[in-house]
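Here is what each chain is made of, one letter per residue.
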Amino acid sequence: MEKQKIVIVGGVAGGATAAARLRRLNENSHIVLLERGEHISFANCGLPYYIGGSIEKREKLLVQTVEGMSRRFKLDIRNLSEVLSIDRAKKAVRIMDLRTGKEYEESYDVLLLSPGAKPFLPSVEGIAEAQNLFSLRNIPDTDRIKSYVEKYQPKTAVIVGGGFIGLEMAENLNDLGINVSLVQRSEQVMPVLDFEMAAIVQQHLRAKGVQLFLNNGLERIEAEGKKVVLKNGKELYTDMIVMAAGVQPESKLAEEAGLELGSRKSIKVNEYLQTSDPSIYAVGDAIEVKDYISGESSFVPLAWPANRQGRIVADTISGKPTPYKGTLGTSIAKVFDLTAATTGNNEKMLQRMGVAYRIVHIHPSSHAGYYPGAAPLALKMLFSPEDGTILGAQAVGAKGADKRIDVLATAIRGGLTIYDLPELELAYAPPFSSAKDPVNMLGYVAQNMLDGRLETFQWYDVAELQESGAFILDVREEKEWEAGHIEGAVHFPLDTLRDRISELPASETIYLYCHAGLRGYLATRILEENGLKVKNLDGGNKTYQVAMKERRLAERAIITEPILD
């Protein structure tokens with residue numbers, strides 16, 4: 001590769017990764033890394049855990065220092081340097097040294113933009129006057145929050161937004177003894193999950209003492225941040241506010257330079273991460289990406305894509321064109337004692353795109369049930385009814401959610417279908433899994449569906465079935481029935497079913513259910529072998545009850561009180 005002058009705007013995951021890779025590929029190029037902040041490479045995903053005390057030492061957050069990275073990679077790193085504008089005709093950027101206020105120009109052969117994304121702040125009355133309002137993006141934000149907490153010892157906090165940052169901050173502030181109220185505009189937290197999967201997380205949040213205000217939103221802020229008024233008129237008095245209502249791309253520089261923008265004003269790039277100017281590339285949270293499943297343009301600000309893009313854009317700039325194949329959106333969050341993880345598309349996305357799909361819910365244990373410490377695990381998979389292509393998956397549980405989603409994300413990338421999942425020979429010993437891993441089980445159930453041995457209905461279909469007078473059959477045991485059942489259902493325990501077939505309607509579909517789905521499948525096979533038409537409730541009563549409890553709360557927009565031990 002010929003000697004080039006490469007200017008990189010922004011460090012952290014995308015920019016710093018690209019700078020290091022560029023140097024490894026070419027010792028002679030002049031690489032300039034410009035960073036508006038003090039720190040060029042830090043663990044932004046670890047910031048909430050430093051605030052909460054899980055990460056004790058601040059220096060653990062600093063992945064690379066200016067001095068260390070400059071020396072190791074022979075880079076011209078200039079922190080506290082803000083790029084004000086791009087002159088594409090001159091191939092130069094205008095920079096302000098934030099220490100001195102001095103402005104100067106820097107030429108480039110190739111320009112790489114990695115400005116990241118910034119917290120979204122809604123336009124609500126009183127937000128500018130709030131003295132105790134914080135957002136979390138970088139080390140200075142972290143220092144401000146930690147300093148405020150240590151100095152003023154707040155007793156209450158309002159978090160606006162129920163995504164990753166909002167939930168992580170809820171846990172960490174709760175760990176500090178702060179009473180947390182979380183406000184979410186939509187009817188659920190964690191929008192990347194489907195409703196019934198998020199419902200598990202919501203019930204856990206309440207059990208940990210977090211007050212949820214769902215289907216609600218921020219109307220205004222009063223008393224310099226001491227009072228928050230919600231859309232429904234509810235007033236919350238608080239010692240601090242954390243804005244975690246999502247992020248938006250830092251694309252102003254690109255927009256003012258006349259570069260083409262995409263969805264949500266993200267920077268539009270081609271498969272080689274090249275902008276509409278052939279000499280300018282862009283990576284990270286500021287760019288528009290292609291959804292790996294659908295091929296649609298989307299905005300997915302996550303750490304793995306930014307790191308991957310930083311590496312491959314360096315390859316392309318260095319003469320080895322490497323395409324970015326799209327973002328799958330694999331993500332994970334710790335929410336107190338639970339793990340919530342997802343990959344690919346969810347139902348909301350597939351419905352919006354008009355894509356046909358089938359659903360599997362299962363409720364296995366994280367490992368062999370006879371070995372101590374096994375925990376419940378909720379798994380959901382979406383797949384194509386035509387060929388079994390895996391479209392997405394979600395997992396929520398205290399243990400084992402991470403590795404199942406990782407396996408399924410790998411399966412999607414590898415082009416595997418639901419027919420391949422039973423063939424996966426995964427590591428097994430009782431402390432770690434079951435002989436038939438939950439991923440295998442997802443494949444077995446999905447294969448039964450596509451092979452015509454199992455028809456299902458979903459938790460959200462039940463209300464319409466009740467209204468139409470459909471025959472709903474509960475095949476659980478007597479004690480389970482007495483503890484609670486779907487209204488209007490008839491009860492025939494599974495082991496009595498063969499003796500009572502004559503009591504069932506032969507001319508209509510029987511909608512049956514059990515606790516989690518397995519006994520329902522056994523009942524389905526018995527009845528279908530006897531000539532009856534049957535559908536089994538996917539995920540069983542377990543999925544139905546947790547989802548319906550949350551749906552009723554969401555529809556009524558009830559302000560739910562925490563459940564304290």
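From a predicted model like this one, the values you see are computed outputs, not experimental measurements.

Asks: Which residues make up the overall build of the protein chain, and what are the values?
Replies: Counting its regular elements, the protein chain contains 15 helices and 32 strands. Computed over its C-alpha atoms, the radius of gyration of the protein chain comes to 27 Å, within 12% of the 24 Å expected for a compact globule of 565 residues. Referenced to the eigenvectors of the C-alpha coordinate spread, the extents of the protein chain come out at roughly 90 × 55 × 45 Å. Partitioning the intrachain contacts of the protein chain with sequence separation of at least 6 by distance along the chain shows that 64% fall at a separation of at least 24. Carbon and sulfur atoms provide 49% of the accessible area of the protein chain, an area that totals close to 25,100 Å². Between the averaged position of the 66 positive side-chain charges in the protein chain and that of its 74 negative side-chain charges there is a distance of 6 Å.

Asks: So what's going on with helix α1 (residues 12-25)? Residues and values would help.
Replies: Over its 14 residues, α1 extends 20 Å from the first C-alpha to the last, a length consistent with the 20 Å expected when each residue adds 1.5 Å. Of all 14 residues in α1, ten are buried, a share of seventy percent or more. Among the residues of α1, V12, G14, G15, A16, A18, A19, A20, R21, L22 and R23 are the ones counted as buried. Considering only its buried residues, α1 is in contact with β1 (5-9), β2 (30-35), β3 (41-42), α3 (66-73), β9 (110-113) and α8 (303-317).

Asks: Let's hear about the layout of surface pockets: which residues, and what values?
Replies: Of the volumes computed, that of the second largest pocket is approximately 580 Å³. Lining of the second largest pocket is provided by 26 residues; of these, I362, M441, V445, G517 and L518 occupy positions nearest its centre. When contributions to the lining of the second largest pocket are tallied by element, the ones reaching two or more residues are β25 (358-362), α11 (438-450), α14 (518-529) and β32 (534-537). Element by element, the count of residues in the lining of the second largest pocket is highest for α11, at five residues.

Asks: I'd like a rundown of the pairing of β1, residues and numbers included.
Replies: Taking burial as the measure, the five residues of β1 include five buried ones, the bulk of the element. Burial of the side chains of β1 extends over both faces: K5, V7 and V9 are buried on one face and I6 and I8 on the other. As for the winding sense of the linkage, the β-α-β connection from β1 through α1 to β2 is right-handed. Taken together, the four bridges between β1 and β9 define a ladder with parallel strand orientation. Bridge assignment links I8 to a residue of β9, and that residue is L112.

Asks: Can you break down the environment of D87 residue by residue, with the values?
Replies: Its location among the elements puts D87 in strand β6 (residues 81-87). A relative accessible area of 30% places D87 in the partly exposed class. C-alpha separation for the pair D87 and V124, spaced 37 residues apart in sequence, amounts to 36 Å. D87 has contacts with A92 and Y108, leaving out every residue within four places of it along the chain. A polar contact of 3.2 Å, which involves the side chain of D87, links it to the backbone nitrogen of A89.

Asks: Please give an account of unusual backbone geometry that cites residues and values.
Replies: The phi angle of most residues is negative, glycine excepted, and most peptide bonds adopt the trans form. In this structure, Q153 takes a positive phi of about 50 degrees despite not being glycine. Looking at the element boundaries, Q153 is found in the loop between α4 (139-152) and β12 (156-160). Here the phi dihedral of E224 falls at roughly 55 degrees; this positive angle occurs in a residue that is not glycine. Take E224: it is sitting in the loop between β15 (218-222) and β16 (227-230).

Asks: Kindly report on the pattern of salt bridges, identifying the contributing residues and their values.
Replies: Scanning the entire structure with this criterion turns up 39 salt bridges. The partner of D141 in a salt bridge is R144, with the nearest N and O atoms 2.4 Å apart. With D141 and R144 both in helix α4, this residue pair falls three residues apart, about one helical turn. Taking the relative accessible area as the measure of exposure, R144 reaches 46% and is therefore partly exposed.

Calculation rules
Residues numbered from 1 in each chain as written. Predicted model: local features only at pLDDT ≥ 70, side-chain atom pairs only at ≥ 80, totals over all residues. Heavy atoms only, no water. Helix = DSSP H or I, 4+ residues; strand = E, 2+ residues; numbered from the N terminus. Rg over C-alpha atoms; globule rule 2.2 N^0.38 Å. Contact = heavy atoms within 4.5 Å. Areas by Shrake-Rupley, 256 points an atom, 1.4 Å probe, with all protein chains shown as cover. Lys, Arg positive; Asp, Glu negative; His and termini not counted. Charge placed at Lys NZ, Arg CZ, Asp CG, Glu CD. Expected span 1.5 Å × (residues − 1). Buried < 20%, exposed > 50% of the residue type's maximum accessible area, 1.4 Å probe, protein only. 1 Å grid on protein atoms, 1.4 Å probe; cavity = no way out; pocket = protein on both sides within 12 Å on 5 of 7 lines; lining within 4 Å. Points joined across faces, edges and corners; volume = space filled by probe spheres on them. Right-handed = clockwise from strand over helix to strand, strands pointing away. Pairing = 2+ DSSP bridges. Polar contact = N/O pair within 3.5 Å; in protein donor to acceptor, adjacent residues only side chain to side chain. Salt bridge = Lys/Arg side-chain N within 4 Å of Asp/Glu carboxyl O.

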